[in-house]
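Per-entry structural report
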Amino acid sequence: MKERIIYWYLTNFKLISTVLNSPVIYDQERFSWMRVERFPLPPHFTPPATKFLLVLPGLANIENKHKFEFYLYKNIKRLDGKSIKHFYAEGFYNPFAHKGYARFSFHVDYWKPSLNPKQGTNLLDICQAFYNFLARK
Amino acid sequence: MKLKITFLGKKFEELREKIKFNEKEKFAFLLCNRSEFNSRIKLIPDKIILAKNSDYSAVSAGFYQLKRTFVKKVITQALEEEKDIIQVHSHPFNPAKYSSVDRNSELEFMNYLFEKIENMYHASIVFSKDAQTLDSWFFNPKTRNLQKTEKILVVYPEKFVLYLPQEEKENVSFSQIQDRTIRAFGKQAVKIFSKIDVGIIGASGIGGPLAEILARTGFKNLIICDPDKIELSNLNRLQGAGIKDENKNKAIFYKNYLDSLIPNLNIKAIPKSFFLPEVQMQFALVDIIFSCVDSGAVHSINRLALANLCPLFVLNSGINVENEKINFIGGHIYSVIPGNNVCINCLGVFDHLLYQFLNPSAQQREIQQGYVQGANLPEPQVYFLNSIIASLGFWQMIKYILGIKQPELKIYYNALQNKIVSSEIEETKGCLVCKDSGFLAQANKVPLLIPETNQIYQKILNSLENENSGIILPKEIIPTQKEQKNESS
């Protein structure tokens with residue numbers, strides 16, 4: 001079973017890497033996080049792409065949508081000068097602030113994965129949902 | 001040492017159809033998943049490998065001999081997939097009974113395998129000609145001899161069938177205490193009750209009355225777990241408990257209380273949290289589980305029950321009071337039957353409790369940011385309501401194990417309106433926990449669901465500190481087209 005879950009993660013990483021055309025780095029021991037090196041941002045952000053750290057459910061609790069946490073490299077800005085909503089650049093609520101990451105208070109609504117990577121929701125869906133969240137003006 | 005075998009209904013029917021005697025004996029291997037704790041073992045058949053005509057070196061109406069190549073191939077597959085083995089064959093007569101030839105040849109073969117292979121359990125089932133009766137034994141590695149299988153359970157969507165090995169059938173005696181229960185359900189039913197292992201998680205307002213109902217009805221084998229001690233504020237609803245019982249552990253209290261009421265009970269009290277791995281491993285071995293908790297543990301219980309083919313009954317009560325006015329008073333019972341492809345995870349009804357599996361920092365953050373409402377606030381609880389929910393849950397289980405009626409997915413009790421409403425079974429799609437291709441029937445191969453500690457952030461920080469500890473996806477791990485095809489099939 002553990003092997004199947006690992007296989008599921010690896011297939012997901014490959015999918016994200018291919019679709020987003022970016023290297024993907026991940027925690028090979030516990031599958032507790034992954035990072036997309038060039039995550040594209042919506043047009044009203046600068047820079048156009050940045051590092052995206054996604055805290056993952058890990059091997060034991062893959063079906064728990066509450067486990068996901070979303071962090072972007074914190075030098076991002078909106079081109080229209082407005083502040084970014086649901087954005088925690090400092091340490092309060094953000095354990096990775098001193099590593100340069102800002103946490104986004106974004107929660108996954110729908111998460112029904114399957115061990116078959118071609119069925120159920122997958123990590124690319126999570127990336128897409130997060131992009132859609134950022135794209136809301 | 002005790003060993004039981006639990007089948008999913010459709011797997012058992014598939015086996016029965018394939019193994020049915022047809023002019024010649026038939027043989028099959030079952031590759032099984034396993035749960036185990038302290039010399040108690042549960043095997044769950046996962047794959048059926050039926051011997052084809054070409055796999056026999058000789059076969060007749062009363063005899064079979066397998067080719068070594070076939071046996072070697074199956075054993076190799078079992079080793080690769082970390083499975084245990086059950087060998088199954090059919091006989092040309094009714095009822096099912098092993099012959100002396102069976103005893104000698106199976107003992108010799110099992111001894112041979114035991115010497116060659118470590119950590120693989122090996123059992124056997126023989127079916128009668130009509131495939132309606134069976135007998136079973138297993139190889140006990142300690143005595144190096146054959147021992148009767150404790151029981152074989154088949155979990156169907158609408159009922160639960162218990163098979164006992166031949167010699168078990170002879171010893172039946174009933175206490176006078178069960179006289180009126182026998183008049184209600186019959187001798188056979190009360191015998192079944194006494195052979196079933198029931199697990200109760202949570203020994204408080206609902207779990208306590210439920211345990212008493214079970215014990216009085218003839219369920220002798222109970223495992224009760226609860227880490228909490230009795231507080232004065234519990235005494236408004238803890239059946240049997242009084243002031244003198246303050247500070248006693250709830251699970252131990254109920255064991256002692258029930259032992260004082262009914263003779264010859266076999267109750268195990270576990271005064272520990274269900275989140276401890278050794279506790280979950282013990283509950284994996286029971287036949288039926290009741291969840292009587294109002295915490296995120298219901299998700300761990302749901303996963304464990306489905307992985308180990310334990311029908312699960314989730315019981316909860318609730319009272320909503322605003323400005324001293326009762327808006328709602330009632331409760332619900334969910335019946336999660338393995339094989340129905342619907343469970344607590346895909347229903348999503350307890351998703352708000354999933355936050356309890358986050359690490360403590362993340363939990364605190366969710367509460368502070370307002371994503372979790374009412375955490376750690378004591379809920380209103382009353383004795384009469386909990387007793388009603390316990391009784392309704394008990395009746396759902398009785399309907400199921402006696403095959404009286406398929407239990408409804410949900411029973412909803414509204415005390416304000418004096419209504420009990422039921423919802424029928426609905427099949428959901430894509431739930432990892434209850435689907436055949438997910439955790440269902442995978443036993444100890446499914447990781448136990450346990451809350452995280454704060455170490456997780458530190459581990460992520462450590463790995464961010466050293467960029468090289470994260471691994472860039474190498475090309476060689478990309479699934480090949482062939483692997484993808486196999487996976488999807």
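Numbering of residues starts from 1 in each chain and follows the order in which that chain's sequence is written. Lettering of chains starts at A and numbering of ligands starts at 1, both following the order in which they are written. Totals for whole chains, interfaces and linings use every residue, but because this is a predicted model, local features are given only for residues with pLDDT of at least 70 and side-chain atom pairs only at 80 or more, for both listing and counting.

1. Some thoughts on the overall build of chain B
Under the scheme used here, helices are H or I runs from DSSP no shorter than 4 residues and strands are E runs no shorter than 2 residues, and both carry numbers assigned from the N terminus. Each helix and strand in chain B was counted, giving 14 helices and 20 strands. The atom set for the radius of gyration is the C-alpha atoms, and the globule formula is 2.2 Å times the number of residues raised to the power 0.38. A compact globule built from 489 residues should have a C-alpha radius of gyration of about 23 Å, and chain B, at 25 Å, falls within 12% of that. Across its three principal directions, the C-alpha atoms of chain B cover 80 × 70 × 40 Å. The burial label depends on the number of other C-beta atoms within 10 Å of a residue's C-beta. Counts of 20 or more mean buried, 12 or fewer mean exposed, and intermediate counts mean partly exposed, with C-beta atoms placed from the backbone. When each of the 489 residues of chain B is scored for burial, the buried share is 41%. A pair of residues counts as a contact when their C-beta atoms, built from backbone coordinates, are within 7 Å of each other. Considering only intrachain contacts with a sequence separation of at least 6, the fraction spanning at least 24 residues in chain B is 68%.

2. So, unusual backbone geometry
Each neighbour pair has its own omega, and for Thr46(A) with Pro47(A) the value is -5°, a cis peptide bond. Here Pro47(A) shows up in the loop between strand S3 (45–46) and strand S4 (49–55). Positive phi values are uncommon outside glycine, yet Glu82(B) reaches one of about 55°. Checked against the element boundaries, Glu82(B) lands in the loop between helix H2 (68–80) and strand S6 (84–90). Phi is positive for Arg144(B), which is not a glycine, with a value near 55°. Position of Arg144(B) relative to the elements: it lies in the loop between strand S8 (134–140) and strand S9 (145–148). A count of 12 C-beta atoms within 10 Å places Arg144(B) in the exposed class.

3. Section: the interface of chain A and chain B
It is common to give the size of an interface as the accessible area lost on bringing the parts into contact. Counting from both sides, the interface comprises 40 residues of chain A and, opposite them, 37 residues of chain B. Elements represented by at least two residues in the side of chain A that touches chain B include exactly helix H1 (2–20), strand S1 (24–27) and strand S2 (33–40) of chain A. In terms of residue count, the dominant contributor to the side of chain A that touches chain B is H1(A) (6 residues). When residue character is reported, Ala, Val, Leu, Ile, Met, Phe, Trp, Tyr, Cys and Pro are called nonpolar, Asp, Glu, Lys and Arg charged, and the others, Gly included, polar. Split into classes, the residues belonging to the side of chain A that touches chain B amount to 17 nonpolar, 13 polar and 10 charged.

4. Side note on the nonpolar core
All names here are of chain B. A set of buried Ala, Val, Leu, Ile, Met, Phe, Trp, Tyr and Cys residues, joined to one another through C-beta atoms within 7 Å, is what we call a nonpolar core. Ranked by size, the top nonpolar core spans 151 residues in total, and within it Ile200, Ile201, Ala211, Leu222, Ile224 and Ile289 carry the most contacts. The residue makeup of this core includes at least three contributed by each of domain 1 (2–170) and domain 2 (176–445). Leaving out residues up to four positions away in the same chain, Ile200 has contacts with Gly207, Leu210, Ala211, Leu222, Ile224, Phe290 and Cys292. If you look at the next biggest cluster of nonpolar residues, it comprises 6 residues, including Leu354, Tyr355, Ala362 and Leu449. Domain start and end points were adopted from an automatic or database domain assignment.

5. So, helix H12 (residues 383–401) of chain B
Since the α-helix advances by 3.6 residues per turn, residues separated by three or four positions end up pointing in the same direction. Residues and elements named next belong to chain B. Between its first and last C-alpha atoms H12 spans 27 Å; for 19 residues at 1.5 Å apiece the expected length is 27 Å, and the two agree. By the burial criterion, the buried members of H12 are Leu385, Asn386, Ser387, Ile389, Ala390, Gly393, Phe394, Gln396, Met397, Tyr400 and Ile401. Gly403 sits one or two positions beyond H12 and adopts a positive phi of about 70°. Multiplying one less than the number of residues by 1.5 Å gives the expected span of a helix.

6. Concerning the sheet that holds strand S15 (residues 288–291) of chain B
Residues and elements named next belong to chain B. DSSP-based pairing: two strands are paired if at least 2 bridges between them are found. Here we have 8 strands laid out as an open sheet, ordered S14-S13-S12-S15-S16-S17-S18-S19, and mixed in their pairing. In the strand order of this sheet, the two ends are held by strand S14 (266–270) and strand S19 (419–423), each with one partner. When strand polarity is set aside, the average angle formed by the axes of neighbouring strands in this sheet is 15°. Examined bridge by bridge, strand S17 (residues 325–336) and strand S18 (residues 410–414) share 5 bridges and lie antiparallel to one another. If you follow Ile333 over to S18, its bridge partner there is Ile411. Lying over the sheet, helix H6 (residues 207–217) contacts strand S12 (197–201), strand S13 (221–225) and S15, oriented at roughly 170° with respect to S13. The axes used here are C-alpha line fits, helices contributing only the stretch in contact, and every angle between their N-to-C directions lies in the interval 0 to 180 degrees. Running over the sheet, helix H7 (residues 250–261) touches S13 and S14 and is turned about 160° from S14.

7. A look at the sheet that holds strand S10 (residues 151–155) of chain B
Residues and elements named next belong to chain B. One open sheet accounts for 9 strands, arranged S9-S8-S7-S6-S2-S3-S1-S10-S11; its pairing is mixed. Both edges of this open sheet fall to S9 and strand S11 (160–163), since each of them pairs with a single strand only. On average, each strand axis in the sheet is tilted by 30° relative to the strand beside it, whichever way the strands run. Bridge count for S10 against S11 is 4 bridges, and the pairing is antiparallel. Its bridge partner being in S11, Val154 is matched across the sheet by Val161.

8. Considerations on H1(A)
Given a rise of 1.5 Å per residue, 19 residues ought to cover 27 Å, and the 27 Å separating the end C-alpha atoms of H1(A) matches this to within 8%. Those residues of H1(A) that fall on the buried side of the exposure criterion are Ile5(A), Trp8(A), Tyr9(A), Leu10(A), Thr11(A), Asn12(A), Phe13(A) and Ile16(A).

9. Quick notes on the confidence of the model for chain B
With 91% of its residues at a pLDDT of 70 or more, chain B has an overall mean of 88. Predicted complex, confidence summary: ipTM 0.84, pTM 0.90. Per-residue confidence from the prediction method is given by pLDDT, with values spanning 0 to 100.

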